[in-house]
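Here is how the chains run, residue by residue.
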Amino acid sequence: MTPRTLPQEPQPTLFDRPVGLVRMTSPLGRIELTSDGAAVTGVQIERGGRLPRDGYRETAIDVLMTAAEQLAEYFDGERRLFDIPIAAEGTPFQIRVWSALADIPFGTASTYGLLGHGVGSGPSGRAVGGAIRANPLPLLVPCHRVLSGAGGVVGYSQGDGVSTKLWLLDHEGIPHR
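Each value, and the rule that gives it
Residues numbered from 1 in each chain as written. Predicted model: local features only at pLDDT ≥ 70, side-chain atom pairs only at ≥ 80, totals over all residues. Heavy atoms only, no water. Helix = DSSP H or I, 4+ residues; strand = E, 2+ residues; numbered from the N terminus. Buried < 20%, exposed > 50% of the residue type's maximum accessible area, 1.4 Å probe, protein only. Contact = heavy atoms within 4.5 Å. Areas by Shrake-Rupley, 256 points an atom, 1.4 Å probe, with all protein chains shown as cover. Pairing = 2+ DSSP bridges. Axes fitted to C-alpha atoms, helices over the stretch in contact; angles between N-to-C directions. Salt bridge = Lys/Arg side-chain N within 4 Å of Asp/Glu carboxyl O. Phe/Tyr/Trp six-rings, centres within 6.5 Å; stacked < 30°, edge-to-face > 60°.

Hey, could you run me through the overall build of the protein in this one?
Counting its regular elements, the protein contains five helices and five strands. Scanning the protein from its N terminus toward the C terminus, one meets helices and strands in the order β-β-β-α-α-β-α-α-β-α. For the protein, the residues scored as buried account for 46% of the 177 residues in total. Contacts spanning at least 24 positions in sequence make up 62% of the contacts within the protein whose residues lie at least 6 apart. Put simply, the protein shows about 9,700 Å² of open surface, and 54% of that area lies on carbon and sulfur atoms.

See below:
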């Protein structure tokens, strides 16, 4: 009989080292911002007190400092729109979904089905949900603004999951069930 090993969270490798890395505190917990040197490439909200690159030293660069300032303004209720360069790698479908997410204004919500129609995939809620789950730039590309067709909160892949999404919806005054 072969010994069982429990799956482990992937650990960052040397190849995962971003050009820039900044952490900040927020009402949701710590947030990790990464950059390729020109744009923000990743946003992670801590889960269980951990961030993916906790073992790495911060490397502050201008675009990340600006992103951290804008996020702080968002959490303070002073900012509704981000104007920093972002870059995300994904499939063509994911890119279409993320672009549609970026068009959802502060304080409003969409549904998985409406997003599916908007990106030319019909009411493909599951496919849209998968693309949203893979969004590397939550908060900046507002995946928390997507609800079920009935206005319910069905999941969130960042921070503490649904409770993090509920906080963000309440922060923006978005009605939900």
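Having seen it, we continue.
Just checking my understanding: could you explain the sheet that holds strand 2 (residues 31–35) for this structure?
The strands making up a sheet associate through backbone hydrogen bonding, with each pair oriented either parallel or antiparallel. Sheet architecture is open: three strands sit in the order 1-2-3, paired in antiparallel fashion. Of all strands in the sheet, those with a lone pairing partner are strand 1 (20–24) and strand 3 (40–45), marking the two edges. In this sheet, adjacent strand axes meet at a mean angle of 15 degrees when their direction is disregarded. Sheet topology places strand 1 next to strand 2; five bridges connect them, and they run antiparallel. Across the sheet, the residue bridging to Arg-23 is Glu-32, located in strand 2. Here helix 1 (residues 62–75) sits on the sheet in contact with strand 1, strand 2 and strand 3, set at roughly 145 degrees to strand 2.

Looking at this model, I keep getting lost on the pattern of salt bridges. Mind explaining?
A side chain of one charge can pair with a side chain of the opposite charge if their charged atoms are brought near each other. Across all of its chains, the model carries nine salt bridges by this definition. Between Asp-54 and Arg-23 there is a salt bridge whose closest N-O contact spans 3.8 Å. A residue pair is termed long-range when its members are at least 10 positions apart, and Asp-54 in the loop between strand 3 and helix 1 and Arg-23 in strand 1 qualify at 31 residues. Residue classification places Arg-23 among the buried positions, given a relative accessible area of 18%. Its salt-bridge partner being Arg-23, residue Glu-58 comes within 3.7 Å of it at the nearest N-O pair. Here the residue Glu-58 occupies a position in the loop between strand 3 and helix 1, and Arg-23 occupies one in strand 1, the gap between them amounting to 35 residues. When its relative accessible area of 40% is taken as the criterion, Glu-58 is described as partly exposed. Look at the salt bridges and you will find they share partners, linking Arg-23, Arg-30, Glu-32, Glu-46, Arg-53, Asp-54 and Glu-58 into a network.

Help me out: how do you make sense of the pairing of strand 3 in this one?
For a regular strand, side chains alternate in direction, first toward one face of the sheet and then toward the other. Here five bridges tie strand 2 to strand 3, and the two strands are oriented antiparallel to one another. Looking at the pairing, Leu-33 lines up with Val-43 of strand 3. Here strand 2 folds back onto strand 3, and the loop between the two strands holds four residues, one of which, Gly-37, carries a positive phi near 110 degrees.

I would appreciate a short explanation of the packing of aromatic side chains in the present structure.
For any two aromatic rings, the description comes down to two numbers: the centre-to-centre distance and the angle of the planes. As enumerated under the stated definition, the model contains four aromatic pairs in all. Ring centres 5.7 Å apart and planes at 50 degrees place the aromatic pair Tyr-74 and Phe-82 in the tilted group. The class for Phe-82 is buried, based on a relative accessible area of 17%. Geometrically, the ring pair formed by Phe-75 and Trp-167 is tilted, given 5.8 Å between the ring centres and 55 degrees between the ring planes. Here the residue Phe-75 occupies a position in helix 1, and Trp-167 occupies one in helix 5 (residues 162–172), the gap between them amounting to 92 residues. Looking at Phe-75, the relative accessible area reads 9%, which means it is buried.

Mind showing me how you'd approach the pairing of strand 2 here?
In terms of burial, strand 2 is largely enclosed, as five of its five residues are buried. The alternating pattern of strand 2 places Ile-31, Leu-33 and Ser-35 and Glu-32 and Thr-34 on opposite faces, both of which are buried. Counting the residues between successive antiparallel strands, the hairpin from strand 1 to strand 2 contains six residues, one of them, Gly-29, with a positive phi of roughly 115 degrees.

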